[in-house]
Amino acid sequence: MSMLDPNIRSRRRMTRVQVVRWGVDNFKSIENASFDLRRLSVLVGANSAGKSSLIQSILLLAQCTNESQLTLNGPVVSLGEAIDVVRTDQKVVTVKAAVSIPNNSSSDQPVEVVISIDLVINHGDLIVQSLSLRDATDVLFEAVRDTRASRTYSSELRRGDSLGLVDVGSPANFLRVSHIRGLKRHGLMFIQMAGLLPEAIYLRKTMHQKRRDAEILLKTAQAGEPPRELLYLITQQRITVDLFPVIRRFREANPSILRGTSFNKLLKELSSDELLHLKDEIVKAMPNWEAEPLARPTLGLRGSGRLMFARRVERDATYSAPFEYLTSCTVALENFAQSIRYLGPLRDEPRVVYPMGRGSRPVPVGSHGEFTADLLSRMRSRSIEYTDPFGEPQFGPLLEAVSIWVEYLGIGTRISVSDRGKLGRTIRLEKDGTDRDLTTIGVGASQLLPVVVTLLAVEEGTLILFEQPELHLHPAVQSRLGDFLATARQDIRLVVETHSESLINRLRLRVVEQRLDPTEIGIYFGEQKQGITKFRCLELNEYGDLNEWPTGFFDEGSRDAAKLVKVITQRLSSK
């Protein structure tokens, strides 16, 4: 099978919801940018054109995962002050993600929904101001910051015992739902934000709704298995059980659990007055708020709030689709954030011994590749799926896969890693028949190994962000690096920021040779004029040609070579 054969595909294509496009407006110097997350997305353009800023916007999402607030400066990315993030003379930064959602109808085409999150500066901090959801034809959902409403209900929102929930944090993280399907939302409904992620939704119930819910709970209990909501209210002693001797006797006989048949029998023993009194007590005991987690069931939601909310949404066709899409977008964003891995352009110089230690989840080999040896040592025997340089699918140890690609890239023939105790780990490459440490081979090997190990070691479905992986490499190695990035893993996505014309030309060549499907590659050109950055997609056709060749795409050497060919041709034709 030829290298980069388009028929090679991941054996386990993702069928779940996933982010398929990312975009930002007014982020640092970027006026607007949006790009499809293809299997290989390449960012090109001059220095300081805004390519790194686009990558930083994705890293901000990864850094805010599991955080209650936006974290501008952390272990993954440092963005400075809030004022440094918002483009000059602008007030709002918008982060956008297009999410592909499997269609439940007979159509095979998934539904694409765009979730947009607006950020503003508030007392020096960057905070979420609004959230919206839209499909191809309509705005499905809108929520905005309502400081007055949040303050009014802050004690209820924060007090977990009134909700049947764990503590939900600061009311400053809440957005009030203003419109659903373009219709103004009456009543109180809030979305709780955690960083850039919607985390839970809260609905304040009216007395009429509480009475109706109490009737439903009792009728359901009388018909058979008692609802969990009702059991929760009774077992947690939210109902004044002393008013009902029968219930008290039942609780004493069943201290640990209320079984459906016994509870059904209990209800039949109650008189009509006792049932009416029980209904009133249920209404009093019910929390004022219903709640539903949007992404993580481990949020801590439990009891009557969550289940009654889900049933209410299911009964209301106006709400059901928007809430389903909101949940899908939240799950997709969280999975996307968890999948991000990053390696920057400033990697460590070669060492004899590398330190032990583990990078964080988004930076598995460390911010400068300093933990490459440790990661390789820990995972050396783990079997992975990958594609070799000849286009053949393989399944074997990580260390073997790294050796195979290292040889193809031309920096050695075999790699080994050894433990030096407290000193750390040693990486050695076989070069010209001799094992050598990286200090005797050159800077190129130490710069390239973190790239190779990161890509081969990550899990299926990962999104890797590489900045200038070609640094300190000979143009011939840069070309082979293009093969590695496009070939080695068919089950991940890559965003690569590069200045390497050799790398781009190798991709173009593989397309012409029909070894690479041009639809799996996106080339995005960033350019800055008067301090404003804009991006445009350069479409690659089956002949390896681009739909346009903007000024600044190629470097001076390429232009000089083109001029040289033109002058030589003119001189030969004049003879």
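Report on the accompanying structure. (Residues numbered from 1 in each chain as written. Predicted model: local features only at pLDDT ≥ 70, side-chain atom pairs only at ≥ 80, totals over all residues. Heavy atoms only, no water.)

### Here we look at the sheet that holds strand S16 (residues 414-419)
Taken in spatial order, the three strands line up as S16-S17-S18 in an open sheet, and their pairing is antiparallel. Only two strands of the sheet have a single neighbouring strand rather than two, namely S16 and strand S18 (434-437). Pairs of neighbouring strands in the sheet enclose a mean axial angle of 30°, with direction left out of account. Inspection of the sheet shows S16 paired to strand S17 (residues 425-431) by six bridges, in the antiparallel sense. Bridge assignment links Ser416 to a residue of S17, and that residue is Arg428. (Pairing = 2+ DSSP bridges. Helix = DSSP H or I, 4+ residues; strand = E, 2+ residues; numbered from the N terminus. Axes fitted to C-alpha atoms, helices over the stretch in contact; angles between N-to-C directions.)

### Description of helix H6 (residues 207-223)
Here H6 is 17 residues long and its end C-alpha atoms lie 25 Å apart, about the 24 Å a rise of 1.5 Å per residue gives. Turning to H6, its buried residues are Lys210, Asp213, Ala214, Leu217, Leu218 and Ala221. The buried side chains of H6 occupy one side of the element, clustering within an arc of 135° when seen end-on. Within H6, the exposed residues directed more than 90 degrees away from the buried face are His208, Lys219 and Ala223. (Expected span 1.5 Å × (residues − 1). Buried < 20%, exposed > 50% of the residue type's maximum accessible area, 1.4 Å probe, protein only. Arc of directions from axis to C-beta.)

### Some words on the packing of aromatic side chains
Applying the stated rule across the entire model yields seven aromatic pairs. With centroids separated by 5.4 Å and ring planes inclined at 85°, the aromatic side chains of Trp405 and Tyr408 adopt a geometry described as edge-to-face. Here the residue Trp405 and the residue Tyr408 both occupy positions in helix H14 (residues 398-409), the gap between them amounting to three residues, near one helical turn. Taking the relative accessible area as the measure of exposure, Trp405 reaches 0% and is therefore buried. Using a relative accessible area of 23% as the deciding quantity, one classes Tyr408 as partly exposed. Connected via pairs of aromatic rings, a cluster forms that spans Phe174, Phe190 and Tyr202. (Phe/Tyr/Trp six-rings, centres within 6.5 Å; stacked < 30°, edge-to-face > 60°.)

### Overview of unusual backbone geometry
We note that Asp432 has phi near 55°; this positive angle belongs to a residue other than glycine. Mapped onto the elements of the fold, Asp432 is located in the loop between S17 and S18. Of note in this structure, His472 is not a glycine but carries a positive phi near 65°. The exposed category is assigned to His472, whose relative accessible area is 57%.

### Focus on the environment of Ser178
The topology assignment puts Ser178 in strand S8 (residues 174-180). Measuring from C-alpha to C-alpha, the distance between Ser178 and Phe141 comes to 8.1 Å, with 37 residues separating the pair along the chain.

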